[in-house]
Amino acid sequence: MAETLAIHGGRPVRAALLPYGHHAIDDDDVAAVVATLRGPLITTGPAVTAFERAFADASGARHAVAVSSGTAALHAAVFAAGVGPGDEAVTTPLTFVATSNAVLYQGGRPVFADVRRDTLTLDPAAAARALTPRTRALMPVHFAGQPCDVEAFERLARERGLTLIQDAAHALGAEVSGRRLGGGRGLTIFSLHPVKHVTTGEGGVITTDDPALDERLRRFRNHGLATDAATRDAHGRLWAEMVDLGYNYRLTDVQCALGLSQLAKLDRFLARREAIAERYVAALKDQPGLTLPQVVPDVRHAWHIFPVLLDTPRLTADRAAVYAALRAENIGVTFHYVPAYWHPYYAARGYARGLCPVAEQAAERLLTLPLFPGMTDADVADVVTAVRKVLGAYLR
Ligand SMILES: Cc1ncc(COP(=O)(O)O)c(C=O)c1O
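Residues numbered from 1 in each chain as written. Predicted model: local features only at pLDDT ≥ 70, side-chain atom pairs only at ≥ 80, totals over all residues. Heavy atoms only, no water.

Caption draft 1: Main features of the environment of arginine 53. Along the chain, arginine 53 turns up in helix α2 (residues 46-59). Sequence spacing of arginine 53 and glycine 183 is 130 residues, and the spatial spacing of their C-alpha atoms is 13 Å. (Helix = DSSP H or I, 4+ residues; strand = E, 2+ residues; numbered from the N terminus.)

Right, dumping it as structure tokens:
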């Protein structure tokens, strides 16, 4: 006799909700923040420089520019790539809207191309077909933490004179052929939101090997001013000249002190995320009604999230019902993502459904299971129990 689902009045697998993601802050992090708060500078000071150096090293890039969010990082990257009114950038629909919104901020037009069926990352062949004389940038996303086809996009960018902007908001620490994501001639952006690999509360970073792009990014995050205060003083100038239309996208020293302390634990966080993903795979690989994430050879997956695909034809319930049943068991499942162009703002601007069928079909079946470094083995076991219980109840 199957156990009654919590949604039908049965006992939930957990007493309290397990979130899908959560920050991991320890006493060292708190001490680092407090020490900075007691110091002479709480913004535009030495913690920013130290964090940027450490982040560049952690991502294998020459330069790293810290900004106030991953969204600001995307905006800065699109600006630095020279995308302007009427220009196009090709990106994936299976992303958070911040990716394509950044193109709109600069007056450009996001062009959506379809994803690969296995990894759900932007398909290089589909992206190549979407290029027009107006395309300035390629914006693939390392969905869930799995690297997209970086080499194919680098080649395409080189051949067609485009700037490659990699959205690595999910993928700090991910690798392709043993190389961390972040270096190269283009731009890579990261998010430091609390559910990401390391956090500064809110925050973002852009990395590049190109010193000219680095300089443009630094101006952009500081109102478009040609020099920062320290450089200006060193040159004996009374004011800084504004040469671009920039913003105040600066990240504070307080946040960077937290970021620096968090970065020291990145390898541990990555290892724990990997171990949780391995547990899910071992426990759920034969579970009917479910397809697990597929990992391609020669990459290190950073496991920001664990998105599964429901085999809805095998189930008597639709995704919404499975979602509600798992939430009732106190498992904080969620979705990544509704295709960006399904949002009303995009739909009202001429983006029609049916544009990217592979992404659309996947989007209707995706469900994200909890994954964060602070999860215990017992938490993982609860998720597995709840998934088996709910899918077991709804199998045809
Ligand atoms: C793929 C992707 N890009 C960009 C962002 C924006 O980052 P932030 O929330 O730090 O602004 C996110 C945030 O979740 C994201 O998932």
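Okay, back to it.
Caption draft 2: View of the nonpolar core. Counting residues in hydrophobic clusters, the biggest one holds 41 residues, and the most contacted among them are Phe51, Phe55, Val90, Leu138 and Leu263. Those elements giving two or more residues to this core turn out to be α2, β1 (63-67), α5 (124-129), α6 (150-160), α9 (253-263) and α10 (266-284). Ranked by residues supplied to this core, first place goes to α2 with 6 residues. Residues within four places of leucine 263 in sequence aside, it is in contact with Phe51, Ala54, Phe55, Ala58, Leu172 and Val198. (Core = buried A, V, L, I, M, F, W, Y, C linked by side-chain atoms within 4.5 Å. Buried < 20%, exposed > 50% of the residue type's maximum accessible area, 1.4 Å probe, protein only. Contact = heavy atoms within 4.5 Å.)

Caption draft 3: A look at the packing of helix α1 (residues 27-37) against α9. Where α1 contacts α9, the axes come no closer than 8 Å and their chain directions differ by 150°. Overall, the two elements α1 and α9 adopt an arrangement that is roughly antiparallel. Both α1 and α9 take part in a crossing whose hand is right-handed. Facing α1, whose interface residues are Asp28, Asp29, Ala32, Val33, Thr36 and Leu37, α9 presents Asp253, Val254, Ala257, Leu258, Ser261 and Gln262. Of the residues contributing to the contact of α1 with α9, the split by class is 6 nonpolar, 3 polar and 3 charged. (Axes fitted to C-alpha atoms, helices over the stretch in contact; angles between N-to-C directions. Parallel < 35°, antiparallel > 145°, perpendicular 65-115°, else oblique. Left-handed = near helix turned anticlockwise from the far one by under 90°. Nonpolar A, V, L, I, M, F, W, Y, C, P; charged D, E, K, R; others polar.)

Caption draft 4: Summary view of the site of the ligand. Of all residues adjacent to the ligand, which total 16 residues, the nearest are Gly70, Thr71, Asp167, Ser191 and Lys196. A distance of 2.8 Å is found between an oxygen atom of the ligand and a backbone nitrogen or oxygen belonging to glycine 70. Burial of the ligand by the surrounding chains reaches 89%, relative to a free accessible area of 380 Å². Counting residues per element, the shell around the ligand draws most heavily on helix α3 (residues 70-80), at 3 residues. Classifying every residue of the shell around the ligand by side-chain character gives 6 nonpolar, 8 polar and 2 charged. (Near = heavy atom within 4 Å. Polar contact = N/O pair within 3.5 Å; in protein donor to acceptor, adjacent residues only side chain to side chain. Areas by Shrake-Rupley, 256 points an atom, 1.4 Å probe, with all protein chains shown as cover.)

Caption draft 5: Spotlight on the sheet that holds strand β13 (residues 366-369). Strand order across the open sheet formed by 3 strands is β10-β12-β13, with antiparallel pairing between neighbours. The outermost strands of the open sheet, each flanked by one partner alone, are β10 (290-291) and β13. As paired elements, β10 and strand β12 (residues 306-310) share 2 bridges and run antiparallel to each other. In the strand pairing of β12, leucine 290 is matched with leucine 310. (Pairing = 2+ DSSP bridges.)

Caption draft 6: Spatial organisation of helix α11 (residues 319-328). Among the residues of α11, Arg319, Val322, Ala325 and Leu326 are the ones counted as buried. Projection of α11 onto a plane perpendicular to its axis shows the buried side chains occupying an angular sector of 125°, all on one side. Contacts from the buried residues of α11 go to β12, α13 (357-363), β13 and α14 (377-394). Looking one or two residues past α11, asparagine 330 carries a phi angle of roughly 70°, positive in sign. (Arc of directions from axis to C-beta.)

Caption draft 7: Region of the structure containing the pairing of strand β2 (residues 88-91). Of the two faces of β2, the one carrying Glu88 and Val90 and the one carrying Ala89 and Thr91 are both buried. Sheet topology places β2 next to strand β3 (residues 109-112); 4 bridges connect them, and they run parallel. Bridge pairing links valine 90 to valine 111 in β3. Handedness of the β-α-β unit built from β2, helix α4 (residues 98-105) and β3 comes out right-handed. In the sheet, β2 pairs with strand β4 (residues 135-139) via 4 bridges, with the strands oriented parallel. Residue alanine 89 lies in a different strand from β4, and its bridge partner there is alanine 137. (Right-handed = clockwise from strand over helix to strand, strands pointing away.)

Caption draft 8: Quick peek at the pattern of salt bridges. Under the defined criterion, the tally for this structure stands at 22 salt bridges. In this structure, glutamate 3 and lysine 389 form a salt bridge, with 3.8 Å as the shortest nitrogen-oxygen distance. A residue pair is termed long-range when its members are at least 10 positions apart, and glutamate 3 in the segment before α1 and lysine 389 in helix α14 qualify at 386 residues. By relative accessible area, which is 55% here, glutamate 3 ends up exposed. In this structure lysine 389 comes out as buried when scored by relative accessible area, which is 11%. (Salt bridge = Lys/Arg side-chain N within 4 Å of Asp/Glu carboxyl O.)

Caption draft 9: Broad picture of the packing of aromatic side chains. Counted by the stated rule, this structure contains 15 aromatic pairs. With centroids separated by 5.3 Å and ring planes inclined at 55°, the aromatic side chains of phenylalanine 220 and tyrosine 247 adopt a geometry described as tilted. Note that phenylalanine 220 is positioned in helix α7 (residues 211-220) and tyrosine 247 in the loop between α8 (229-234) and α9, a separation of 27 residues in sequence. Summarising the aromatic geometry, the rings of tyrosine 346 and tyrosine 351 are spaced 5.5 Å apart at their centres and angled 65° between planes, so their arrangement reads as edge-to-face. Tyrosine 351 shares its class with tyrosine 346; the two are buried. Here a set of aromatic residues connected by ring pairs shows up, and it is made of Phe112, Tyr341, Tyr345, Tyr346 and Tyr351. Here the guanidinium or amino end of arginine 216 rests over the ring plane of phenylalanine 79, the centre of that ring lying 4.7 Å away. (Phe/Tyr/Trp six-rings, centres within 6.5 Å; stacked < 30°, edge-to-face > 60°. Lys NZ or Arg CZ within 6 Å of the ring centre and 35° of its normal.)

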